[in-house]
Amino acid sequence: QVQLAESGGGSVQAGGSLTLSCKASGDFNSYAIGWFRQAPEKGREFVARVDWSLDNIYYRTVYADSVKGRFTISRSNARKMVELQMNRLKPDDTGVYYCAASQASGTNLESFGLWGQGTQVSVSS
């Protein structure tokens, strides 16, 4: 199994940037890692996903439409870490951000069985 811990959240003004990190322990290489977020009084929604790799060179990535062109997900198997670079942040990006691990395909919540504790991101207008 893999254990996950997020860091890097904080408060920023609209238009600013933040980088979130998801540090893993355990069998990291065989898992896809996703980022989800949950705004106050809303459900948890998919943000981005990076798959495992067969050659440690190419990793397939998937993004929610709302973050395409603004967010970039990347992974380092050597450091057992996934980062989410968030640029041009908007107030709608506010929420608790969770990283999660999956050995299945898909971007739905049910595909991810292992979760971190979350990190807060607040974007003011």
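Reading guide: rules and limits
- Residues numbered from 1 in each chain as written.
- Predicted model: local features only at pLDDT ≥ 70, side-chain atom pairs only at ≥ 80, totals over all residues.
- Heavy atoms only, no water.
- Helix = DSSP H or I, 4+ residues; strand = E, 2+ residues; numbered from the N terminus.
- Rg over C-alpha atoms; globule rule 2.2 N^0.38 Å.
- Buried < 20%, exposed > 50% of the residue type's maximum accessible area, 1.4 Å probe, protein only.
- Areas by Shrake-Rupley, 256 points an atom, 1.4 Å probe, with all protein chains shown as cover.
- Lys, Arg positive; Asp, Glu negative; His and termini not counted.
- Charge placed at Lys NZ, Arg CZ, Asp CG, Glu CD.
- Pairing = 2+ DSSP bridges.
- Contact = heavy atoms within 4.5 Å.
- Axes fitted to C-alpha atoms, helices over the stretch in contact; angles between N-to-C directions.

Looking at the overall build of the protein
Phase 1: Helix and strand counts for the protein come out as zero helices and eleven strands.
Phase 2: Along its sequence from the N terminus, the protein presents helices and strands in the succession β-β-β-β-β-β-β-β-β-β-β.
Phase 3: Relative to a compact globule of 125 residues, whose C-alpha radius of gyration would be 14 Å, the protein shows 14 Å and is just as compact.
Phase 4: Residue burial in the protein is summarised as follows: out of 125 residues, 45% are buried.
Phase 5: Carbon and sulfur atoms make up 47% of the accessible area of the protein, which totals about 6,400 Å².
Phase 6: Between the centroid of the 13 positive side chains of the protein and the centroid of its 11 negative side chains there is a distance of 4 Å.

Notes on the pairing of strand β3 (residues 18–26)
Phase 1: Where strand β1 (residues 2–7) meets β3, six bridges bridge the pair, whose relative direction is antiparallel. When the sheet's bridge partners are listed, E6 is paired in β3 with C22.
Phase 2: Where β3 and strand β8 (residues 81–86) come together, six bridges link them in antiparallel fashion. Looking across to β8, one finds that K23 is bridged to M81.

Some remarks on the environment of D65
Phase 1: Within the secondary structure layout, D65 lies in the loop between β6 (61–63) and β7 (71–76).
Phase 2: Through-space distance from the C-alpha of D65 to that of R44 is 15 Å; in sequence the pair is 21 residues apart.

Re the side chain of S76
Phase 1: Relative to the helices and strands, S76 is located in strand β7.
Phase 2: Sequence-distant contacts of S76, defined by excluding residues within four places in its chain, comprise F28 and M81.

Section: the sheet that holds β3
Phase 1: Here four strands make up an open sheet; going across it, the order is β1-β3-β8-β7 and the pairing antiparallel. One side of each edge strand has no neighbouring strand; the edge strands of this open sheet are β1 and β7. The sheet shows a mean angle of 15° between the axes of neighbouring strands, direction not considered.

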